[in-house]
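# Summary of structural features
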Amino acid sequence: MTIPKPTLTFNALKKHGRVFFSVVPLMLLVACSKNEASPEVRIRQTIEQVELSAEQRSLPGFMAHISPKYSDHQGNDRDKIAAYVQLHFMRNQDINIFSHVQSIKVDNLSATAEISVAVGRRTDDLNQENVRLKANTMHFSVLFKKNGNHWQVTSVSWRRGL
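Now for a look at the structure at hand.

Calculation rules
Residues numbered from 1 in each chain as written. Predicted model: local features only at pLDDT ≥ 70, side-chain atom pairs only at ≥ 80, totals over all residues. Heavy atoms only, no water. 1 Å grid on protein atoms, 1.4 Å probe; cavity = no way out; pocket = protein on both sides within 12 Å on 5 of 7 lines; lining within 4 Å. Points joined across faces, edges and corners; volume = space filled by probe spheres on them. Helix = DSSP H or I, 4+ residues; strand = E, 2+ residues; numbered from the N terminus. Nonpolar A, V, L, I, M, F, W, Y, C, P; charged D, E, K, R; others polar. Buried < 20%, exposed > 50% of the residue type's maximum accessible area, 1.4 Å probe, protein only. Pairing = 2+ DSSP bridges. Axes fitted to C-alpha atoms, helices over the stretch in contact; angles between N-to-C directions. Salt bridge = Lys/Arg side-chain N within 4 Å of Asp/Glu carboxyl O. Contact = heavy atoms within 4.5 Å.

### Topic: the layout of surface pockets
As a volume, the largest pocket reaches approximately 1,200 Å³. Together, 38 residues line the largest pocket, and F62, Y84, H88, V119 and F140 are the ones closest to its centre. Where the lining of the largest pocket is concerned, the elements lending two or more residues are α2 (39-55), α4 (78-91), β1 (96-107), β2 (110-120), β3 (136-147) and β4 (150-160). Counted by class, the lining of the largest pocket contains 23 nonpolar, seven polar and eight charged residues.

Now the structure itself:
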């Protein structure tokens, strides 16, 4: 049995080596580059985190997304919102939220999101069509401001119904 001779010559190896060593750094650069999420994706993530914090009844988790400069059309500031949320958590041991982000409009360092929300005391209030009327439905217009790498809620207006 004879062992076949390698078909690559030194010059061929040198040529392929150049290609290899010029392509590999480019591939590593692409693979290691930061894949920054768009502002819209970040805002959707913030909305999901607020919703999850509410369902877990986590006041610190919820308030982490509310700006220290928060104010709304009813004269509430951040402290009043914290008190309201805490009262809601105390009254409702089980909170279930179904939200639908209707739109997000980003303008540089601020953004507005239109969100429809149904809040039920039991999972059944949201899962079964015939009892969905037991859920409270609200429509929120939420103003976000970018604070470093995070988007925080700076104001909210709301009305009953979807």
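Moving on, there is more to tell.
### Some details on the environment of A54
In this structure, A54 sits in helix α2. Residue A54 is classed as buried on the basis of its relative accessible area, which comes to 8%. Counting along the chain gives 35 residues from A54 to F89, while the straight-line C-alpha distance between them is 7.9 Å.

### Things to note about the pairing of β3
A regular strand places its side chains on the two faces of the sheet in alternate fashion. Examined bridge by bridge, β2 and β3 share 10 bridges and lie antiparallel to one another. Counted as the bridge partner of S110 is K145 from β3. Hairpin geometry of β3 and β4 is characterised by an intervening segment of two residues between the two adjacent antiparallel strands and by a positive phi of about 70° at G148.

### Quick notes on the sheet that holds β1
In spatial order, the strands read β1-β2-β3-β4; together these four strands make up an open sheet with antiparallel pairing. The sheet is open, and its two edges are formed by β1 and β4, each paired on a single side. Geometrically, the sheet is characterised by an average inter-axis angle of 25° between neighbouring strands, direction not taken into account. Direction of pairing for β1 relative to β2: antiparallel, over a ladder of 11 bridges. Bridging across to β2, V106 finds its partner in A111.

### Some points on unusual backbone geometry
In most cases, non-glycine residues show a negative phi, while peptide bonds are predominantly trans. One non-glycine residue, R57, lies in the positive phi region at around 55°. Structurally, the position occupied by R57 is in the loop between α2 and α3 (59-63). Judged by relative accessible area, which is 31%, R57 ranks as partly exposed. You will see that N108, though not glycine, has its phi angle at about 60°, which is positive. With respect to the element layout, N108 can be found in the loop between β1 and β2. Relative accessible area serves as the criterion here: at 64%, N108 is assigned to the exposed category.

### Considerations on the pattern of salt bridges
Inspection of every chain in the model, using the stated rule, returns one salt bridge. Residue R44 pairs with E40 through a salt bridge whose shortest N-O separation is 3.4 Å. Of this pair, R44 and E40 both sit in helix α2, separated by four residues, roughly a single helical turn. When its relative accessible area of 35% is taken as the criterion, E40 is described as partly exposed.

### Quick look at the environment of I115
Among the secondary structure elements, I115 is positioned in strand β2. When its relative accessible area of 6% is taken as the criterion, I115 is described as buried. Taking the C-alpha atoms as reference, I115 lies 9.2 Å from I47; in sequence the two are 68 residues apart. Apart from the residues lying within four places of it in its own chain, the contact partners of I115 are I47, S99, H100, V101, Q102, M138, H139, F140 and V142.

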